[in-house]
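Letter by letter, the chains look like this.
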Amino acid sequence: MPREEPGRDTRDLPRGSAYGTAHATGGAHGTGTRTGTGAADPSGSADADGRGRRGRAGRRGRLRLRPFGLRTRLVLAFLLVAAVGCGTTAALTYRAARSAILEQTQNTAVSAFRDQVDDLVVPLPPDEDSLRDTLLNLAGKGKPRPWRVYAEYGSLRVSSTDRPTSSVITPELRARAHARRGTPHTSFQRVVKNGVPYLTIAIPAAFITRAGEETAQPTGLVVYAVMELREEEANVEAMVTAARDGALPALAIALVPALIASRGVLRPVRELRRAAHSMGRGRLDTRIHAKGSDELADLARTFNESAAELERSVTELRRAEARARRFASDVSHELRTPLAGMLAVTEVLDEDAEGLDSDTARAVRLISAETVKLAVLVEDLMEISRFDARAAELHTDEVDVADCVRKTLISRRWTDPGQVHAALGEGIRARLDPRRFDVVVANLVGNALRHGRPLVTVRVYTDGGATAAGGDGAAGTGGPDVLVVQVSDRGPGIHPDVLPHVFERFYKADPARARSAGSGLGLAITQENVRLHGGTVEAANHPAGGAVFTVRIPL
């Protein structure tokens, strides 16, 4: 069935316009109406929609496959705005130009056909042959190109072609042409049949009964004109092609300012990234050159202010830390000489304590014990100061690890089998600093005896090679050999909240305790000594209970 474009009523337009009224004997008061769209619209829109859906689907697929950087997103956004602008302009231009082309052709045809019908002289009732000759004459005068003319009078159907009727003429147009109400007027439609656009015009022939009367009476004769609009649709298609071909270079040209704009936006961002990366590597004097008065310039100035404040704070903290280290080192060094004299005095007093009364002897022994603790604290402070100053050095020698552990236990009188059990793998040799390794073992065993419960077990084995003596060590992994020294106890273990802090200096698991049994630096010194050997030390809780300290030193 043909697709119709109902007409627009223009009976109020003055004569001489495209939709003017005809006042002549035998003529009709013509009012043209137009509805619908041309043939090119549906097919063209469908193709464009299909291409748009495929393009958007492809872009979505690419977005899922690979994330876009900020520069790419800025360029795409710029191009999208340009494409939307080009598309909107092209659509509005196309719509206006299409309407102008079709309406110009339509107005020319309607006006010319109305003038021809106004000049008709047809006897009523009409004769078929004479009416056909008249229609052939009308068809040859068609503007802007020849028409196919059809006429209806009652049951009589005549045309300028070999077919008396046309399937392009719709029932709606016929109904309007045969309407008896009011003054007969011109009607037209743009329809599409089999992909071909047509303009159809219907004019009822009318006559004026008396001279000077404005009211025309219908005669029952209706004349139709059918004209193809292929040429106009071809012009419209040519406009679409020209708009499409012009949009691509426009987008290519728009890419240049898009790249320039994105470069201008991203340059401060790249500088900010480089500055942040530089500050992350410790260069707190990094600054950004800020110019302009836009938001990015404000961001650069804010970054510079924050960096300057951070540099001042860190510099002050470093100075305070250096002062604290120097103070601890100086105090420890200054206390060393008087403490040596105090220790000598306390040794003499300890020898004579047996001859003193009980209260005096207890006081002497208390002074001696506290002096020894103070001396240990001073030595630990001096040792930790060396680590802070990076002055600690390793003096390694190839030693038998089991012999070193035994000497440590014997020198501290930890030989009671009910207190300490040594499961030492024999024949394990390593390059170690004997003095520092002695400190590591002594601190771990002493810490286990002080804060845990017997039995304290010391295991020595290699991981990746041999296993621990006694069969309690971890199985070898087949990797590079690592010396493992493990010290465990059967006490309550370490609270999970305390585990991350056990190697911190002066850390107290119980804040309510006024002073600790040791200096509070033993585990920190242990960790530093193990690091000097290129190893690690870890604290954990055994599933069966008790704390486990594990030292791993590469062989």
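Residues numbered from 1 in each chain as written. Predicted model: local features only at pLDDT ≥ 70, side-chain atom pairs only at ≥ 80, totals over all residues. Heavy atoms only, no water.

J.: Is there a simple way to think about the nonpolar core in this case?
T.: Within soluble globular proteins, side chains that are nonpolar generally end up buried alongside one another. Counting 37 residues, the largest nonpolar core has Val401, Val405, Val445 and Leu483 as the members making the most contacts within it. Contacts of Val445, omitting those with residues within four sequence positions, involve Leu409, Trp414, Val420, Val456, Val458 and Val487. With 25 residues, the next largest nonpolar core counts Phe188, Ile201, Met227 and Leu229 among its residues. (Core = buried A, V, L, I, M, F, W, Y, C linked by side-chain atoms within 4.5 Å. Buried < 20%, exposed > 50% of the residue type's maximum accessible area, 1.4 Å probe, protein only. Contact = heavy atoms within 4.5 Å.)

J.: Would you mind showing me how to read the sheet that holds strand S10 (residues 482-488) here?
T.: The strands making up a sheet associate through backbone hydrogen bonding, with each pair oriented either parallel or antiparallel. Taken in spatial order, the five strands make up an open sheet running S7-S9-S10-S12-S11, and their pairing is mixed. Edge positions in the sheet fall to strand S7 (420-424) and strand S11 (536-541), since each of these pairs with one other strand and no more. For this sheet, the mean angle separating the axes of adjacent strands, direction not counted, is 15 degrees. One ladder, built from six bridges, connects S11 with strand S12 (residues 547-554); its direction is antiparallel. The residue of S12 that forms the bridge with Glu538 is Thr550. Against the sheet, helix H8 (residues 401-411) engages S7, strand S9 (456-463) and S10, with an angle of about 170 degrees to S7. (Pairing = 2+ DSSP bridges. Helix = DSSP H or I, 4+ residues; strand = E, 2+ residues; numbered from the N terminus. Axes fitted to C-alpha atoms, helices over the stretch in contact; angles between N-to-C directions.)

J.: Explain a positive patch on the surface to me, please; I cannot follow it from the model alone.
T.: A cluster of like positive charges, contributed by Arg71, Arg263, Arg267, Arg270, Arg273, Arg274 and Lys291, occupies part of the molecular surface. Of the residues forming the positive patch, the biggest block, five residues, is contributed by helix H5 (residues 230-280). Turning to its location among the elements, Arg267 is positioned in helix H5. Residue classification places Arg267 among the partly exposed positions, given a relative accessible area of 40%. (Patch = residues over 30% accessible without salt bridge, like charges linked within 9 Å, V, L, I, M, F, W, Y side chains within 5 Å. Areas by Shrake-Rupley, 256 points an atom, 1.4 Å probe, with all protein chains shown as cover. Salt bridge = Lys/Arg side-chain N within 4 Å of Asp/Glu carboxyl O. Lys, Arg positive; Asp, Glu negative; His and termini not counted. Charge placed at Lys NZ, Arg CZ, Asp CG, Glu CD.)

J.: Would you explain the pairing of strand S1 (residues 148-153) in this entry?
T.: Two faces make up the sheet, and in a regular strand the side chains alternate between them. For S1 and strand S5 (residues 217-228), the ladder comprises six bridges, and the chain directions are antiparallel. Along S5, the bridge assignment pairs Arg148 with Val226. With four bridges connecting them, S1 and strand S2 (residues 156-159) associate as antiparallel partners. Considered in S2, the bridge of Ala151 is made with Val158.

J.: Honestly, the side chain of Glu152 in this entry has me stumped. Any pointers?
T.: As for its placement among the helices and strands, Glu152 is situated in strand S1. Assessed through its relative accessible area of 4%, Glu152 is described here as buried. At 2.7 Å, the side chain of Glu152 and the side chain of Arg174 are in polar contact. For Glu152, the contacting residues outside a window of four places in its chain are Arg157, Arg174, His178, Gly220, Leu221, Val222 and Tyr224. (Polar contact = N/O pair within 3.5 Å; in protein donor to acceptor, adjacent residues only side chain to side chain.)

J.: Just checking my understanding: could you explain the packing of aromatic side chains for this structure?
T.: For any pair of aromatic rings, the description rests on two quantities: the centre-to-centre distance and the angle between the ring planes. Considering all chains together, one arrives at two aromatic pairs under this definition. Ring centres of Phe113 and Trp147 lie 5.1 Å apart, and the angle between their planes is 85 degrees; this geometry places the pair in the edge-to-face category. You can see Phe113 sitting in helix H2 (residues 70-118) and its partner Trp147 sitting in the loop between helix H3 (128-140) and S1, a full 34 residues away along the chain. Classification of Phe113 as buried rests on a relative accessible area of 0%. Relative to Phe549, the ring of Phe503 lies with its centre 6.2 Å away and its plane at 90 degrees, an arrangement referred to as edge-to-face. Residue Phe503 is located in the loop between S10 and helix H10 (522-532), and its partner Phe549 is located in strand S12; the two are separated by 46 residues in the primary sequence. Overall, Phe503 belongs to the buried group, its relative accessible area being 15%. (Phe/Tyr/Trp six-rings, centres within 6.5 Å; stacked < 30°, edge-to-face > 60°.)

J.: Would you mind going over helix H7 (residues 358-388) with me for this structure?
T.: Note that an α-helix has 3.6 residues per turn; residues three or four places apart therefore point the same way. End to end, H7 covers 45 Å across 31 residues, agreeing with the expected 45 Å (1.5 Å per residue, within 8%). Backbone nitrogen of Asp359 and a side-chain oxygen of the N-cap are separated by 3.3 Å at the start of H7; the cap is Asp357. Count one or two residues on from H7 and you reach Arg390, which has phi positive near 55 degrees. (Expected span 1.5 Å × (residues − 1).)

J.: Where do I start with the sheet that holds strand S4 (residues 196-207) in this structure?
T.: Read across the open sheet, the five strands follow the order S2-S1-S5-S4-S3; overall the sheet is antiparallel. Whereas interior strands pair on both sides, the edge strands pair on one side only; in this sheet they are S2 and strand S3 (187-193). Adjacent strand axes in the sheet meet at a mean angle of 20 degrees, parallel and antiparallel pairs treated alike. Examined bridge by bridge, S4 and S5 share nine bridges and lie antiparallel to one another. Across the sheet, Ala202 pairs through a bridge with Tyr224, a residue of S5. Contacting S1, S2 and S5, H3 crosses the sheet at an angle of about 35 degrees to S2.

J.: Could you clarify how one ought to interpret a nonpolar patch on the surface in this entry?
T.: On the surface, Phe327, Val331 and Leu335 cluster together into a nonpolar patch covering about 260 Å² of accessible area. Mapped onto the secondary structure, Val331 falls in helix H6 (residues 295-352). In this structure Val331 comes out as partly exposed when scored by relative accessible area, which is 31%.

J.: Honestly, the pattern of salt bridges in this entry has me stumped. Any pointers?
T.: Charged atoms that come close allow side chains of opposite charge to pair. Within this structure, the stated rule accounts for 23 salt bridges. A salt bridge links Arg406 to Glu426; its shortest N-O distance comes to 2.1 Å. Taken together, the residues Arg406 in helix H8 and Glu426 in the loop between S7 and strand S8 (429-432) connect sequence positions 20 residues apart. When salt bridges with common partners are traced through the structure, they connect Glu383, Arg386, Asp433, Arg435 and Arg436 into a single cluster.

J.: I tried to follow unusual backbone geometry on my own but got confused; where do I start?
T.: With glycine set apart, most residues show a phi of negative sign, and most peptide bonds adopt trans. Here the bond from Lys143 into Pro144 is cis, since omega is 0 degrees, no more than 30 degrees from zero. On the secondary structure map, Pro144 appears in the loop between H3 and S1.

J.: Honestly, the pairing of S8 in this entry has me stumped. Any pointers?
T.: Residues of S8 alternate between two faces, with Ala430 and Leu432 buried on one and Arg429 and Arg431 left unburied on the opposite face. The sheet contact formed by strand S6 (residues 397-400) and S8 spans four bridges and is antiparallel. Within S8, the position partnered with Asp397 by the bridge is Leu432.

Structural measurements only, silent on function.
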